[in-house]
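A structural walkthrough
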Amino acid sequence: YCAGMSTVGHCCESGDLMTPEEGEPEALGEREMRKAAIGDIIVMDGSGAYCAGMSTKNYNSFPEAPEVLVDDKGDVHLIRSRQPYEQIWSNECTPDILN
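Structure report, in brief. Per-chain numbering applies: the sequence of each chain, read as written, is numbered from 1 onward. In keeping with the model being predicted, local features are shown solely for residues with a pLDDT of at least 70 and side-chain atom pairs are shown and tallied solely at 80 or more, while totals for entire chains, interfaces and linings include all residues. Side-chain figures throughout are based on the complete set of non-hydrogen atoms in the structure, without hydrogens or water.

Regarding the packing of aromatic side chains
- Each Phe, Tyr or Trp ring, with Trp reduced to its six-membered ring, pairs with another whose centre is within 6.5 Å; inter-plane angles below 30 degrees give stacked pairs, above 60 give edge-to-face pairs, and intermediate values give tilted ones. One pass over the structure, following the stated rule, counts one aromatic pair.
- For the ring pair Tyr 85 and Trp 89, a centre distance of 5.4 Å and an interplane angle of 15 degrees mean the geometry is stacked. Here the residue Tyr 85 and the residue Trp 89 both occupy positions in helix H1 (residues 85-89), the gap between them amounting to four residues, near one helical turn.
- Each residue is placed in one exposure class: buried if its accessible area under a 1.4 Å probe, protein chains only, is under 20% of its type's maximum, exposed if it is over 50%, and partly exposed if it falls in between. Note on Trp 89: relative accessible area 44%, which makes it partly exposed. Strands here are runs of E lasting at least two residues and helices are runs of H or I lasting at least four, both read from the DSSP assignment and numbered beginning at the N terminus.

Let's talk about the pairing of strand S6 (residues 76-80)
- A small share of S6 lies buried, amounting to zero of its five residues.
- Pairing geometry for strand S5 (residues 67-70) and S6, over four bridges, is antiparallel. Looking at S6, one finds that Leu 69 is bridged to His 77.
- Counting the residues between successive antiparallel strands, the hairpin from S5 to S6 contains five residues, one of them, Gly 74, with a positive phi of roughly 90 degrees. DSSP bridges decide pairing: two strands pair if at least two such bridges lie between them.

Some words on the side chain of Thr 7
- Its location among the elements puts Thr 7 in the loop between strand S1 (2-5) and strand S2 (20-21).
- Contacts between residues were defined by any pair of non-hydrogen atoms, one from each residue, lying within 4.5 Å. Excluding residues that lie within four positions of it along the chain, Thr 7 makes contacts with Leu 17, Met 18, Thr 19 and Met 33.

So far we have only geometry, and geometry alone does not tell us how the molecule works.
Structural data, given as structure tokens:
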């Protein structure tokens, strides 16, 4: 385990913290966590605006994240697939003046 680890989201916004100080949602807090490696998955109990119902859809052209449900037996079930980039880009267009 490594002490003093902070976890933030991908949005680079002031409130984009997964480990805020207790009672101070805008202050960066630290937690003890295992050392992470590329490809590891972190499970966040309370994801706030990172859940599908609260997210700003495709903010900064970032795809909707996959979501899972963990049942009372501990089994994991996919309930939302990761959004493909092509789906995000399908609504984007380039005006003729820029071609």
